[in-house]
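# Descriptive structure summary
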Amino acid sequence: MKIGIVGLGLIGGSIGLDLRALGHEVWGVSQRASTCDRAIARGAVDHASQDLGSLHPVEVVFVCTPIGLIELTIGRLGSHLDPATIITDVASVKGDLVARLTQQWPNFVGGHPMAGTAENGIEAALSELFVNNPYVLTPIETTRPRAIETVAQLAKELRAKLLYCDPHHHDRAVALISHLPVMVSASLITTCLGEQNPDILQLAQNLASSGFRDTSRVGGGNPELGVMMAQHNRAALLASLYAYRGEIDRLIEQVETQDWPGLQSVLETTAAGRSPFLKP
Ligand code: NAP
């Protein structure tokens, strides 16, 4: 197929690398000329330009810009494309955006490949980033079946695990398993950094090992991405933060009152409840 990608960063570049390897012809558009040059040099695109008008030959466009630019980009793209062209996005938050974008472009289907690294930009793009990772499509009542089928087929070619859900359900679920963990992990690091005794702080840094590495990883990532999650998924993130605060209060009470059976019971529930979130 003739594929367009707008935003040649980690996600856009990675989609390009794999779709080209599969034999698709890929047109890329990015903000900076240097990114366009690197995308060609890295083999992520066949053609690259800073001009959205260069995408007129394509059949499907993946919009992979930062979330805040997706609506504006699709608004600008429209005048350059055949109305039959299918547009999809990769934004980490879907919510009301999907309905607005479908009104703007009837051949739109929302998508979110659930894969990434702590890096960004074209140099961070990786082959096979999506293999065995969930790729969620979020069609609504008015989404055209042909748009869903086409993007689903491309996601399968990327060897991702295809899932479908309502855009608002998507946002509540990612708040729980992606956005809340960033905030929890960040507050863990802040708590450690708040240690007033420099000797204890130094000792903690020296003693930190695999457990701290695991629990602090997502809180030590890209700050802009964390702020963007909070801005664009505010309601769902707040709901999960309030629920989390309730759980912390419960743990504090159990430790204060030395309610060891109560604490044991919570930890037995979490030990048994973790694995369904970590399917192989
Ligand atoms: P990224 O690496 O920063 O890539 C975004 C790229 O968009 C930048 O490299 C930039 O390229 C380009 N860009 C910025 N403004 C543009 C414009 N006006 N027109 C065209 N291109 C423009 O970010 P990313 O991590 O790939 O994220 C992109 C999207 O993927 C976001 O919507 C995010 O929600 C979603 N997502 C991210 C992850 C993740 O873990 N990172 C996972 C799933 C989905 P230049 O170098 O040309 O400025």
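Calculation criteria
- Residues numbered from 1 in each chain as written.
- Predicted model: local features only at pLDDT ≥ 70, side-chain atom pairs only at ≥ 80, totals over all residues.
- Heavy atoms only, no water.
- Pairing = 2+ DSSP bridges.
- Helix = DSSP H or I, 4+ residues; strand = E, 2+ residues; numbered from the N terminus.
- Axes fitted to C-alpha atoms, helices over the stretch in contact; angles between N-to-C directions.
- Contact = heavy atoms within 4.5 Å.
- Near = heavy atom within 4 Å.
- Polar contact = N/O pair within 3.5 Å; in protein donor to acceptor, adjacent residues only side chain to side chain.
- Areas by Shrake-Rupley, 256 points an atom, 1.4 Å probe, with all protein chains shown as cover.
- Nonpolar A, V, L, I, M, F, W, Y, C, P; charged D, E, K, R; others polar.
- Salt bridge = Lys/Arg side-chain N within 4 Å of Asp/Glu carboxyl O.
- Buried < 20%, exposed > 50% of the residue type's maximum accessible area, 1.4 Å probe, protein only.

## Describing the sheet that holds strand β9 (residues 161–164)
Here we have 3 strands laid out as an open sheet, ordered β7-β8-β9, and mixed in their pairing. At either end of the open sheet lies a strand with only one pairing partner, and these are β7 (111–113) and β9. The mean inter-strand angle of the sheet, taken between neighbouring strand axes irrespective of direction, is 20°. Across 4 bridges, the pairing between strand β8 (residues 134–137) and β9 is parallel. Its bridge partner lying in β9, L137 is registered against Y164.

## Notes on the sheet that holds strand β4 (residues 60–63)
Strand order across the open sheet formed by 6 strands is β3-β2-β1-β4-β5-β6, with parallel pairing between neighbours. Since the sheet does not close on itself, it has two edges, and those belong to β3 (47–49) and β6 (108–109), each with one partner. Across 4 bridges, the pairing between β4 and strand β5 (residues 86–89) is parallel. What sits directly across from V63, in β5, is D89. Sitting on the sheet, helix α5 (residues 145–157) is in contact with β1 (2–6), β4, β5 and β6, with an inclination near 60° to β5.

## Here we look at the site of the ligand
Taken together, 26 residues lie near the ligand, and L10, S30, T35, S92 and G121 sit nearest. R32 is positioned with one of its side-chain polar atoms (N or O) 2.8 Å from an oxygen atom of the ligand. Taking I67, its main chain carries an N or O atom lying 3.5 Å from an oxygen atom of the ligand. About the coverage of the ligand: the protein hides 86% of its 880 Å² of free accessible area. Elements supplying a minimum of two residues to the shell around the ligand: α1 (10–21) and β7. For the shell around the ligand, the residue count by class is 14 nonpolar, 11 polar and 1 charged.

## As for the pattern of salt bridges
When the charged atoms of two side chains with opposite charge come close together, those side chains can pair. For the coordinates displayed, the defined rule picks out 6 salt bridges. A salt bridge links R20 to D46; the shortest N-O distance between them is 2.9 Å. Taken together, the residues R20 in helix α1 and D46 in the loop between α2 (33–41) and β3 connect sequence positions 26 residues apart. Residue R20 is classed as partly exposed on the basis of its relative accessible area, which comes to 31%. Take D46: its relative accessible area is 29%, and that puts it in the partly exposed class.

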